[in-house]
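Survey of secondary and tertiary structure
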Amino acid sequence: VAAAADLVTFLNVTHDRKIKYWNVGNEPWLQAERPSMSTMGNFVEDYFKPMAAAMKTVDPSIKIYGPDFSDFYDEAYDDLFGGDNDITGLVPGKSYYYIDGLSWHRYPQADNADPAVAGAADMLERVIKAKNKIDFVNTLHTRTGDNALTWGVGEYNSKSGETVHTFANGQMFGQMLGYSMKYEARYIATWSMYENSGSRTGTDFSMIDGNGTPRASYQHMKFVTQYFTGHYADGMTSDNNVVAYGAVKEGRYSAMIMNRGGSSFNYTLRFNTNAIEGDNLK
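Here the structure is a predicted model, which is why all the values come from computation and not from measurement.

1. Remarks on the packing of helix α1 (residues 2-14) against helix α3 (residues 40-58)
In contact at an axis separation of 8 Å, α1 and α3 are set at 25° when each is read in the N-to-C sense. As far as their axial angle goes, α3 and α1 are roughly parallel. Where α1 crosses over α3, the handedness of that crossing is right-handed. Taking contact as the criterion, the partners of Ala 4, Ala 5, Val 8, Thr 9 and Val 13 in α1 are, on α3, Met 51, Ala 54, Met 55 and Val 58. In the contact of α1 with α3, the residues fall into 8 nonpolar, 1 polar and no charged.

2. Focus: the sheet that holds strand β8 (residues 252-259)
Strand order in this open sheet of 3 strands is β6-β7-β8, and the pairing throughout is antiparallel. Each edge of the open sheet carries a strand with a single partner, namely β6 (231-234) and β8. When the angles between neighbouring strand axes are averaged without regard to direction, this sheet yields 25°. Judged from the 4 bridges that link them, β6 and strand β7 (residues 242-249) form a sheet pairing that is antiparallel. Residue pairing for β7: Asp 234 is matched across the bridge by Tyr 245. Sheet strands in contact with helix α8 (residues 216-227) are β7 and β8, and its direction is about 165° off that of β8.

3. Comments concerning helix α5 (residues 115-140)
An α-helical turn contains 3.6 residues, so any two residues separated by three or four positions project in the same direction. Its 26 residues give α5 an end-to-end C-alpha distance of 36 Å, which sits within 8% of 38 Å, the value for a rise of 1.5 Å per residue. For α5, the N-terminal cap is Asp 114; the gap from its side-chain oxygen to the backbone nitrogen of Ala 116 is 3.0 Å. Downstream of α5 by a residue or two, Thr 142 has a phi angle that is positive, lying close to 50°.

4. Topic: the environment of Ile 99
Looking at the secondary structure, you find Ile 99 in the loop between α4 (74-80) and β3 (101-106). Given the relative accessible area of 0%, Ile 99 is considered buried. It is 8.8 Å that separates the C-alpha atoms of Ile 99 and Phe 48, two residues lying 51 residues apart in sequence. When neighbours within four sequence positions are excluded, Ile 99 is seen to be in contact with Phe 48, Ile 64, Tyr 65, Gly 66, Phe 81, Ile 87, Thr 88, Arg 143 and Leu 149.

5. Looking at the sheet that holds strand β5 (residues 187-188)
Spatially, β1-β2-β3-β4-β5 is the arrangement adopted by the 5 strands of the open sheet, whose pairing is parallel. Both outer strands of the open sheet, β1 (21-23) and β5, are each paired with one neighbouring strand and no more. For β1 and strand β2 (residues 63-69), the ladder comprises 3 bridges, and the chain directions are parallel. Along β2, the bridge assignment pairs Asn 23 with Tyr 65. Its contacts with the sheet place α3 against β1 and β2, and it is angled at close to 160° to β2. Those strands touched by α5 are β3 and β4 (150-156), and its axis lies near 165° from that of β3.

6. Some thoughts on the pattern of salt bridges
Taken as a whole and assessed by the stated rule, the structure comprises 20 salt bridges. A salt bridge links Arg 106 to Asp 122; the shortest N-O distance between them is 2.7 Å. Here Arg 106 is found in strand β3, whereas its partner Asp 122 is found in helix α5, with 16 residues between them in sequence. On the accessibility criterion, Arg 106 (9% relative accessible area) is buried. Relative accessible area serves as the criterion here: at 14%, Asp 122 is assigned to the buried category.

Procedures and definitions
Sequence order as written defines the numbering, with residues in each chain counted from 1. A pLDDT threshold of at least 70 governs which residues receive local features in this predicted model, and a stricter bar of 80 or more applies before side-chain atom pairs are shown or counted, although totals over entire chains, interfaces and linings include all residues. Note that water and hydrogens are dropped before the side-chain values are worked out from all heavy atoms of the structure. Working convention: axes come from line fits to C-alpha atoms, limited for helices to the stretch in contact. Angles between N-to-C directions cover 0 to 180 degrees. For the purposes of this entry, the term helix denotes a DSSP run of H or I that reaches at least four residues, the term strand denotes a run of E that reaches at least two, and both are numbered from the N terminus. Any angle between 65 and 115 degrees counts as roughly perpendicular, while under 35 counts as roughly parallel, over 145 as roughly antiparallel, and the rest as oblique. In a left-handed crossing the near helix is turned counterclockwise from the far helix by less than a right angle, and in a right-handed crossing that turn is clockwise. Residue contacts follow a heavy-atom distance rule, with two residues in contact if any of their heavy atoms lie within 4.5 Å. As a working rule, the residues Ala, Val, Leu, Ile, Met, Phe, Trp, Tyr, Cys and Pro are called nonpolar, Asp, Glu, Lys and Arg charged, and the rest polar, with Gly in that last group. When DSSP finds at least two bridges between two strands, those strands are taken to pair. Here a helix's expected span is defined as the number of its residues, less one, multiplied by 1.5 Å. What qualifies as a polar contact is a pair of N or O atoms within 3.5 Å, subject to a donor-acceptor requirement within protein and to the restriction that residues adjacent in sequence count only when both atoms come from side chains. Burial here depends on accessible area, computed with a 1.4 Å probe over protein chains only, as a share of the maximum for the residue type. Under 20% is buried, over 50% is exposed, and the range in between is partly exposed. Any carboxyl oxygen of Asp or Glu within 4 Å of a side-chain nitrogen of Lys or Arg constitutes a salt bridge here.

Written out as C-alpha cells, the structure reads:
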C-alpha cells in the first residue's frame, strides 16, 4: 500500500508527470497460482481497496483500472463488480471511487483457429460482457458523467508466435479496434511491441518481425491511427466473410473493410443507409 502511494507521489507530485490512468495488479489468479475462482473476489478486494484508496489520497484525479485477470472470468467479475466483494463503490468519506474501470486480458486459445474469425468472435464475446457489466454497475451505484465506470483491455493478441505474425491476426486487431469504439472502451493495449527477437516462435507477440518489418497487426493499427477520427459509424455488409465499420467527422469519412474469406469481390460502398442496387458485395 505504501509503495503504491509512493509511486503516485514520485510521478505525479515530485515530477509532475500527470499520469492519469493506472492499473492495480496483473493477472492475479495466475500470480496466486490458480486457486479456486470462488476465492478471487475476496483475494482481490483485500489488496485492491487499500492500494486504490492510498493512491487517490495522493492524487484524487487519477483513474484506476483492474483487476486485469488473464481472461474475463465471469465468477470473479460478478463478485468484484456489484457482488459480495464489490470494489466499485465510493471510498468512505470521499467523493471518488476505488475503481474507475474494469480491465482484463485475453489471448484466444483455440488451437488452429483463424484469428480473423474465431479469435475475433472470442474477443467480441468478452467485450460485450465487459460493457454489460459496467452498465450494470453504473446503474447500481448511479455512476454518471466522469464518475461512470468504463472498461479497457490491458493485453490482447493471438495465442502463439506462429499465429501472431499472420495477416489474419491483423484482421483480428482491426476488428478489435472497431469493437473498442462501438462498445466505448477507454483503451485497448496489445501485448507487445517486440520480444523473442521477432522470431515468429514461442513467446513472440511482437508487432514487428526480427528484421524490423511491420506485421499486419501494426498495419491495421496504423490505418486506424492515421485515418479514424470523430464518431464511430457501424457497418453492414452483404457477406459474412467481409466486415466493415467506419468513422465520420465534419464531412470526412473513413472505412475499414476486411475480407476474411478466400474469394475476391467487386464491392459498392455507401456512407448511409440507402439501399444499394446491383450484384456487387454491398
